[in-house]
Amino acid sequence: MTEALQELLTGNTLWLMLAGVVAGIVIGALPGLTATMGVALLVPFTFWLPTLPALMVLLGVYVGAMYGGAIPAVLIRTPGTPAAAATSLDGYPMAQAGRAGLAIGISCITGVIGGVFSTLVLMYASPQVARFALKFGPAEYFALAVFGLSVIASLSERSLLKGVLMGVCGLLLATIGMDPITAVPRFTFGLTPLLEGLALVPVLIGVFALGEVLYQTSLPEPDRSLFREIGRVLPSRTEYKRITLPTLLACLTGTFIGALPGVGGDVASFVAYDQAKKVSKRPEEFGNGSVEGLAAAECANNSVTGGAMIPMLTLGIPGDAVTAVILGSLLMHGVRPGPDLFEKQAHLLSAIFVGLLVANLLVLPVGLAGAKLFAQTVRAPRHFLFPTIVVLCVVGSYAINNSLFDVGVMFVFGLVGWALRRWGFPVAPLVLGLILGRMVEENLRRALILSGGSWMVFLQRPLALSLLVLAVLSASLTLWQRRRTR
Amino acid sequence: MVNVRRLCLLITVFAGVLIAGCQWRGEERFPSRSITIICPPAPGGVSDTLTRALAAGAQQEFGVPVVVENKPGGANAVGLNYGAHAAPDGYTVTYVVAELAILPHLGLSPISPDDFDLLARTNYNPAAVTVRADSRWRTLNDLLADARAHPETIRAGNSGTGSIWHLAAVALQEAGGAKFKHVPFGGAAPAVQALLGGHVDVVCVSPTEVQAHVEAGKLRMLAVLTNQRDPLFPDVPCARELGYPLDIGAWGGLALPKGVPAERCQRLLEGFRKAFGRQEFRQMMAERGVRLAWLEGEEFRRFVQAQSALNRELIASMGVNLSRGDVGYLYLPRLLAVLGVLLALAIAVSEKLARRPADTLPMPGVRDSVRMALLSLLFVVLLPLVGFLAASALFLLASVLSTKRVNLWQAIGFTLVVSAGVWWLFQNVLGVPLP
């Protein structure tokens with residue numbers, strides 16, 4: 001371990017890594033450019049680097065981009081990456097209330113805590129976590145998705161019915177495209193780009209960013225004196241106290257959800273957000289600029305990084321799309337992740353561990369130093385800011401798949417987001433439904449195929465059953481909390 | 001004020017030069033500008049790695065940039081469709097994959113091998129029948145005998161209905177007179193994961209996907225479904241020596257849209273052949289366990305046609321053994337639609353009963369919003385017609401001026417900075433081509 005650290009600190013490796021982190025933050029902050037894309041864009045540049053520095057750059061980009069996504073989510077309600085959707089729920093109201101600096105500061109600090117925590121888990125408990133993750137079969141994944149859906153209850157703002165309706169709409173939107181089991185096209189209207197279903201990022205950019213721009217333009221110019229405030233970056237002592245518990249919970253949730261292949265930061269941040277609301281003394285602040293909600297979402301989102309590396313390094317199975325790309329570049333450098341990596345290439349493994357730790361720690365100074373700078377965005381006069389956001393919306397939705405169709409999707413969902421905002425329908429449950437829809441359907445049907453059509457399978461498997469019970473408990477707890485605060 | 005005006009003028013001139021520079025194209029010899037390889041699968045997989053490594057070599061052969069553009073979606077239908085309809089000028093090459101010979105038979109995409117001029121095959125990865133190391137099957141015959149005795153009990157994981165690995169499992173059961181219970185997953189990796197976790201019993205995927213686990217003693221490869229043993233796994237028997245005349249696997253190759261001039265085809269073929277022969281490329285592929293298998297022109301075409309015919313038969317026989325226990329593809333949408341309607345009714349009734357005003361937000365300046373929406377629509381519509389630079393410039397100029405808060409020069413300066421800046425950032429720094 002010390003050897004790897006020495007190697008990292010000598011020569012140019014640390015600088016390369018810093019460059020990777022900065023590049024990652026920029027890429028993550030640009031809507032439509034996700035961590036996956038950032039890493040994929042940089043893989044060719046690392047062909048010519050020796051294995052270790054190449055890996056360090058990629059890890060830097062990965063970690064940087066996971067944090068970078070929070071910046072536009074906070075400042076202009078545009079989640080830079082899908083995982084930052086939950087961040088915008090409380091980050092954006094904070095920025096609007098003149099606390100943009102603090103919102104960025106908190107997301108940076110909690111993000112780094114999450115990243116470091118998950119790296120420690122990766123270092124010391126990988127084999128155990130991976131073995132547990134393998135126990136998740138279709139029935140368990142279905143139960144987990146249902147548990148995720150139970151979060152809808154706490155994402156519903158004033159009317160629970162409206163929230164649930166939006167969740168159902170999200171699930172319905174997710175059924176567009178080839179069905180996951182028999183590959184029959186549904187609701188595609190003969191359009192080839194719809195075969196794979198609606199792409200998540202254009203929808204997100206539409207409902208959040210474009211919808212918000214359209215809504216805000218119809219408002220009279222707000223009292224700029226408040227909005228122009230950036231405020232301090234570092235949290236106060238009481239704020240630290242408030243975010244401690246939600247951050248700890250989010251670390252655990254994020255790391256574990258990240259370790260499950262196929263479930264990523266988008267799900268983790270919503271689940272952690274819900275948990276934070278449940279343990280909070282002031283649940284009514286959620287959605288209106290709660291530091292706890294912001295901390296939980298952003299911490300979970302970054303804890304996914306270490307978690308997702310667990311199945312990749314131990315089993316050679318990527319935990320999400322980004323780690324799939326990193327896996328590809330590892331292989332290209334002659335590193336073969338999988339069961340024997342821990343025995344035969346321990347040197348490289350410890351380099352990866354140290355690299356992840358250092359990359360996470362590098363985010364802290366870069367993120368905090370840049371916070372004031374990024375936050376200047378909120379000072380821009382809105383007749384310049386809004387058109388620029390629209391341009392970024394268009395470019396971002398195009399860049400994700402190089403598809404003009406996605407630009408159209410983004411525009412349509414921009415109108416939808418505007419209308420929903422107008423008539424008081426919450427947007428977040430719609431997004432959560434869309435994120436979880438495929439997971440719900442494909443695992444439900446896969447589990448039923450495996451059981452030969454018997455629904456008892458969800459009750460007979462202890463893990464699946466406990467997750468379903470948890471889902472019911474979680475939803476009831478939220479309902480009880482809503483009643484009490486009313 | 002004079003300074004602002006000067007600055008604006010300066011920026012105008014600068015940006016004008018930049019734009020002109022981007023648009024200028026010499027057209028004397030082929031290739032004289034960058035070549036794009038359309039790679040239908042998403043970044044990170046074998047196909048993506050192969051095309052990027054090949055592009056790196058081809059760039060030096062052609063002396064122009066060779067860029068890879070991923071077009072993921074619709075079981076690769078999106079990318080194949082895009083590649084087949086690209087301009088037939090030789091500057092767009094498509095990396096065609098096994099799905100090209102599958103999709104038409106599934107009725108999912110009108111694109112077939114006939115829509116391409118096939119240049120050359122690059123790789124061929126046979127299906128490897130793999131089980132857990134602690135399973136009771138030690139040979140392929142054990143497995144098939146068991147599957148014959150207990151039809152539809154052995155759970156075979158595949159990478160999606162109609163995927164090449166699903167077809168491989170179907171081909172195996174047909175050859176062995178057996179029946180598996182087929183369980184589709186969202187790709188080969190999740191299927192292998194389910195195999196490791198004991199949720200399925202067998203997978204037929206490419207050897208690269210299971211290699212590490214086989215070496216670690218977790219999984220056992222029973223056979224590769226080809227005519228000869230795989231040189232990378234000499235100890236694993238092939239299907240033919242076990243008495244099953246099977247040859248099925250995933251392949252990839254380069255193709256052009258119909259109508260590219262013959263001399264350009266020839267030039268591309270030569271260049272890619274040389275890039276394919278490069279030592280770095282071969283070594284990189286060997287490290288990833290990709291079996292390179294070059295096959296040119298007419299031979300490649302015959303291979304694809306044979307694959308297509310084989311797949312058609314397999315898909316026809318597949319229809320009868322679609323999975324029992326599945327609730328069907330309309331179950332969930334129907335359930336959700338009913339639920340949605342009920343909820344909408346409940347909301348309407350409860351708002352009526354409560355007689356409280358619907359919690360709509362006030363929107364005094366709806367007119368401004370509508371204008372913004374219309375301008376955005378114009379932007380989206382113009383984007384494919386006139387390109388990003390012109391469309392975004394028009395949009396920015398119109399939307400900034402319409403607020404009547406800035407003068408013309410400020411608006412022009414702002415427009416140029418944002419349009420050109422975004423263009424430069426995406427196109428040149430990030431390497432994401434914009435229309």
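Conventions and cut-offs
- Residues numbered from 1 in each chain as written.
- Chains lettered and ligands numbered in written order.
- Predicted model: local features only at pLDDT ≥ 70, side-chain atom pairs only at ≥ 80, totals over all residues.
- Heavy atoms only, no water.
- Helix = DSSP H or I, 4+ residues; strand = E, 2+ residues; numbered from the N terminus.
- Buried < 20%, exposed > 50% of the residue type's maximum accessible area, 1.4 Å probe, protein only.
- Areas by Shrake-Rupley, 256 points an atom, 1.4 Å probe, with all protein chains shown as cover.
- Patch = residues over 30% accessible without salt bridge, like charges linked within 9 Å, V, L, I, M, F, W, Y side chains within 5 Å.
- Salt bridge = Lys/Arg side-chain N within 4 Å of Asp/Glu carboxyl O.
- Expected span 1.5 Å × (residues − 1).
- Bend = angle between axes of the 7 residues up to and from the residue.
- Axes fitted to C-alpha atoms, helices over the stretch in contact; angles between N-to-C directions.
- Parallel < 35°, antiparallel > 145°, perpendicular 65-115°, else oblique.
- Left-handed = near helix turned anticlockwise from the far one by under 90°.
- Contact = heavy atoms within 4.5 Å.
- Nonpolar A, V, L, I, M, F, W, Y, C, P; charged D, E, K, R; others polar.
- Pairing = 2+ DSSP bridges.
- Buried area = accessible area lost by both parts, 1.4 Å probe.
- Polar contact = N/O pair within 3.5 Å; in protein donor to acceptor, adjacent residues only side chain to side chain.
- Core = buried A, V, L, I, M, F, W, Y, C linked by side-chain atoms within 4.5 Å.
- Domains from an automatic or database assignment.

Even after reading the chapter, I still don't get the overall build of chain B, so can you show me in this structure?
Tallying secondary structure elements over chain B gives 14 helices and 11 strands in all. In chain B, buried positions account for 54% of the 435 residues. In the form shown here, chain B has an accessible surface area of approximately 19,000 Å², with 58% of it arising from carbon and sulfur atoms.

What is the right way to read a nonpolar patch on the surface from this model?
Residues and elements named next belong to chain A. Taken together, Met456, Leu459, Leu465, Val469, Leu470 and Leu473 make up a surface patch of nonpolar side chains, about 520 Å² in accessible area. Element by element, the count of residues in the nonpolar patch is highest for helix α23 (residues 462-485), at four residues. Tracing the backbone shows Leu470 in helix α23. Classification of Leu470 as partly exposed rests on a relative accessible area of 43%.

For this particular structure, what's the right way to read helix α15 (residues 291-315) of chain A?
Since the α-helix advances by 3.6 residues per turn, residues separated by three or four positions end up pointing in the same direction. Residues and elements named next belong to chain A. Taking 1.5 Å as the rise per residue, α15 with 25 residues should run 36 Å; its terminal C-alpha atoms sit 37 Å apart, in good agreement. For α15, the principal kink sits at Thr305 and spans about 30°. Here α15 lies mainly inside the structure; 25 of its 25 residues are buried. Downstream of α15 by a residue or two, Gly316 has a phi angle that is positive, lying close to 75°.

Whenever I open this one, the packing of helix α7 (residues 100-134) of chain A against helix α13 (residues 237-259) of chain A confuses me. Can you help?
Each pair of packed helices can be summarised by the angle the axes make with each other and by the distance between the axes. All names here are of chain A. One can describe the packing of α7 onto α13 by two numbers: an axis separation of 8 Å at closest approach and a directional angle of 40°. By the angle between their directions, the pair α7 and α13 is classed as oblique. Considering the relative orientation of α7 and α13, their crossing is right-handed. Taking contact as the criterion, the partners of Leu102, Ile106, Ile109, Thr110, Ile113, Gly114, Phe117, Ser118, Val121, Val129, Phe132 and Ala133 in α7 are, on α13, Glu239, Tyr240, Ile243, Thr247, Cys251, Leu252, Thr255, Phe256 and Ala259. Of the residues that constitute the contact of α7 with α13, the class distribution is 15 nonpolar, five polar and one charged.

When you look at the sheet that holds strand β6 (residues 155-158) of chain B in this model, what are you seeing that I'm missing?
The strands that make up a sheet are held in pairs by hydrogen bonds between backbone atoms, and each pair lies either parallel or antiparallel. Residue and element names in this part refer to chain B. Ordered in space as β7-β6-β8-β5-β9, the five strands form an open sheet in which the pairing is mixed. The two strands at the open ends of the sheet, each matched to only one other strand, are β7 (181-184) and β9 (219-224). Sheet twist, expressed as the average angle between the axes of neighbouring strands with direction ignored, equals 30°. Direction of pairing for strand β5 (residues 128-132) relative to strand β8 (residues 202-205): antiparallel, over a ladder of four bridges. Across the sheet, Val129 pairs through a bridge with Cys204, a residue of β8. Strand contacts of helix α5 (residues 140-149): β5, β8 and β9, with the helix running at about 90° to β9, the strand carrying the most contacts. Together, β5, β6, β7 and β8 form the strand contacts of helix α6 (residues 164-176), whose direction differs from that of β8 by roughly 115°.

Teacher, can you tell me more about the interface of chain B and chain A here?
It is common to report an interface's size as the accessible area lost on association of the parts. Every contact between the two is made by 95 residues of chain B and, on the other side, 94 residues of chain A. Counting the surface lost from both chain B and chain A, the interface buries some 8,300 Å², and carbon and sulfur atoms represent 74% of this. Remark: the boundary between chain B and chain A carries two salt bridges. In this structure, Lys162(A) engages Glu351(B) in a salt bridge whose closest nitrogen and oxygen atoms are separated by 3.3 Å. Our enumeration of links across chain B and chain A arrives at 14 residue pairs in polar contact (both at pLDDT 80 or more). The biggest single contributor to the side of chain B that touches chain A is helix α13 (residues 366-402) of chain B, with 17 residues. Residue classes in the side of chain B that touches chain A are distributed as 56 nonpolar, 25 polar and 14 charged.

When you look at the sheet that holds strand β11 (residues 292-296) of chain B in this model, what are you seeing that I'm missing?
Residue and element names in this part refer to chain B. Ordered by their spatial adjacency, six strands build an open sheet running β2-β1-β3-β10-β4-β11, and the pairing between neighbours is mixed. Of all the strands in the sheet, just β2 (66-70) and β11 have a single pairing partner and so form its edges. Neighbour-to-neighbour, the strand axes of the sheet open up by a mean angle of 25°, direction not taken into account. In this structure, strand β3 (residues 92-97) lies alongside strand β10 (residues 249-257), joined through four bridges in antiparallel fashion. If you follow Thr94 over to β10, its bridge partner there is Ala255. Packing of helix α3 (residues 77-84) onto the sheet brings it into contact with β1 (35-39), β2, β3, β4 (116-126) and β10, and relative to β3 it is tilted by some 145°.

Please clarify how the pairing of β1(B) should be interpreted in this entry.
Moving residue by residue along a regular strand, the side chains alternate between the two faces of the sheet. Residue and element names in this part refer to chain B. The buried fraction of β1 amounts to five of the five residues, a majority that puts the element mostly inside the structure. Pairing geometry for β1 and β2, over five bridges, is parallel. Paired with Ile37 across the strands is Val68, a residue of β2. The pairing of β1 with β3 spans three bridges and is parallel. Its bridge partner being in β3, Ile38 is matched across the sheet by Thr94.

Sorry, what's going on with the nonpolar core here?
General note: in soluble globular proteins, nonpolar side chains tend to be found buried as a group. If you look at the biggest cluster of nonpolar residues, it comprises 232 residues, and the most contacted ones within it are Phe270(A), Leu313(A) and Phe426(B). At 14 residues, α7(A) tops the list of elements feeding residues into this core. When residues of this core are sorted by domain, at least three fall in each of domain 1 (31-124 + 250-319) and domain 3 (368-429) of chain B. Listed in part, the 82 residues of the second largest apolar core include Trp137(B), Val170(B), Leu222(B) and Cys238(B).

What am I meant to see in the side chain of Ser303(A) here?
Residues and elements named next belong to chain A. Tracing the backbone through its elements, the reader meets Ser303 in helix α15. Polar side-chain contacts of Ser303 include one of 2.6 Å to the backbone oxygen of Cys299. In contact with Ser303, not counting residues within four places along its chain, are Gly114, Gly115, Ser118, Ala250, Cys251, Gly254 and Thr255.

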